[in-house]
Amino acid sequence: LFRSGQQVTNYTTCVVVGALSRWADPKKAPVLKRAQKAILMFQNTESGGYSPSDRDYGSIGYGNSQRGDLSNLHFSLDALRQTGLPEDHEALKKAIVFLQRTQNLKSSNDYAGRVPHPSKEGETLEVTSGDDGGASYYPGNSNAGYMVQPDGTAVPRSYGSMTYALLKSYTLAGVKGDDPRVKAAVTWIQDNWTLAVNPGSDPAMGEKVKYAGLFYYY
């Protein structure tokens, strides 16, 4: 556990917050405040040299200033709210910028760029947003594969575990249920609902990929 804490500082901090927030002892209050400060320091913002146009702006990774992802961010937002951070805090507004870039929704996702080709070493793909309302791991990256469009651009595939992480994150950040971004995520979940697999993976990637992250998805 100690070694894991050193390698995935953000995850470990969020787990500790989740446990302490359920403890009735008032001695927890200063500890939770220190944890809140640490998580806020992990966020990729102006203080770390990021600007709103950067892919990772508003995100949180495994700790320090590492590449952000939706998984780390959604645990972070949960922990921040458990420590008493209000939903109108600027950190949550910045997180929404990143959340939008993980969602396949053209009306709010402004991310486009080149990523390593998943099957051709040394080559890259030009990625852009899809429009099904689901979410990928981080902007331009999906563990569920890609959908190549007729013009040669690729859309990172939406999948179950990350779409639920997106929906929860929007809720934690104060985005209301009638917001088009939330409604689009809910529609993806309704259309892909299953308990058999973690839905969304490219069939060409094989059977095993369907079960990757299954318990996370649950």
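Our structure's up above, just so we're on the same page.
What this report covers is the structure whose coordinates are included nearby.

About the criteria used
Residues numbered from 1 in each chain as written. Predicted model: local features only at pLDDT ≥ 70, side-chain atom pairs only at ≥ 80, totals over all residues. Heavy atoms only, no water. Core = buried A, V, L, I, M, F, W, Y, C linked by side-chain atoms within 4.5 Å. Buried < 20%, exposed > 50% of the residue type's maximum accessible area, 1.4 Å probe, protein only. Helix = DSSP H or I, 4+ residues; strand = E, 2+ residues; numbered from the N terminus. Contact = heavy atoms within 4.5 Å. Pairing = 2+ DSSP bridges. Axes fitted to C-alpha atoms, helices over the stretch in contact; angles between N-to-C directions. Parallel < 35°, antiparallel > 145°, perpendicular 65-115°, else oblique. Left-handed = near helix turned anticlockwise from the far one by under 90°.

1. Section: the nonpolar core
Grouped together as the largest cluster of nonpolar side chains are 36 residues, with contacts concentrated most on Ile-39, Leu-70, Leu-73, Leu-77, Leu-99, Met-162 and Leu-166. Looking at this core, the elements that each hand over two or more residues are α2 (9-20), α3 (28-42), α4 (70-82), α5 (90-102), α6 (160-172) and α7 (180-192). Here the element with the most residues in this core is α6; it accounts for six residues. Not counting residues within four places of it along the chain, the set of residues in contact with Ile-39 comprises Asn-10, Thr-13, Cys-14, Val-17, Ile-60, Ser-76, Ala-79 and Leu-80. In this structure, Tyr-111, Val-115, Leu-125 and Ala-154 belong to the second largest nonpolar core, which totals six residues.

2. Brief notes about the side chain of Asn-10
Positionally, Asn-10 belongs in helix α2. Since its relative accessible area comes to 0%, Asn-10 is described here as buried.

3. Considerations on the environment of Lys-28
Tracing the sequence through the fold places Lys-28 in helix α3. Sequence separation between Lys-28 and Val-17 is 11 residues; the distance between their C-alpha atoms is 9.5 Å.

4. Some thoughts on the pairing of strand β2 (residues 124-127)
In β2, alternate side chains face the same way, and those of Leu-125 and Val-127 are buried while those of Thr-124 and Glu-126 on the opposite face are not. Bridge count between strand β1 (residues 113-116) and β2: four bridges; the pairing is antiparallel. Across the sheet, residue Arg-114 finds its bridge partner in β2, namely Glu-126.

5. A look at the environment of Pro-139
Topologically, Pro-139 is positioned in the loop between β2 and β3 (146-148). For the pair Pro-139 and Leu-80, spaced 59 residues apart in sequence, the C-alpha to C-alpha distance is 22 Å. If we ignore the near neighbours within four places in the chain, the residues touching Pro-139 are Arg-55, Phe-98, Arg-101, Thr-102 and Tyr-111.

6. As for the packing of α2 against α3
Contact pair α2 / α3: the axes reach a minimum separation of 10 Å and the direction vectors enclose 150°. With respect to their mutual orientation, α2 and α3 come out roughly antiparallel. Here the hand of the crossing between α2 and α3 comes out left-handed. On α3, the residues that touch Thr-9, Asn-10, Thr-13, Cys-14, Val-17 and Leu-20 of α2 are Lys-28, Val-31, Leu-32, Ala-35, Ile-39 and Phe-42.

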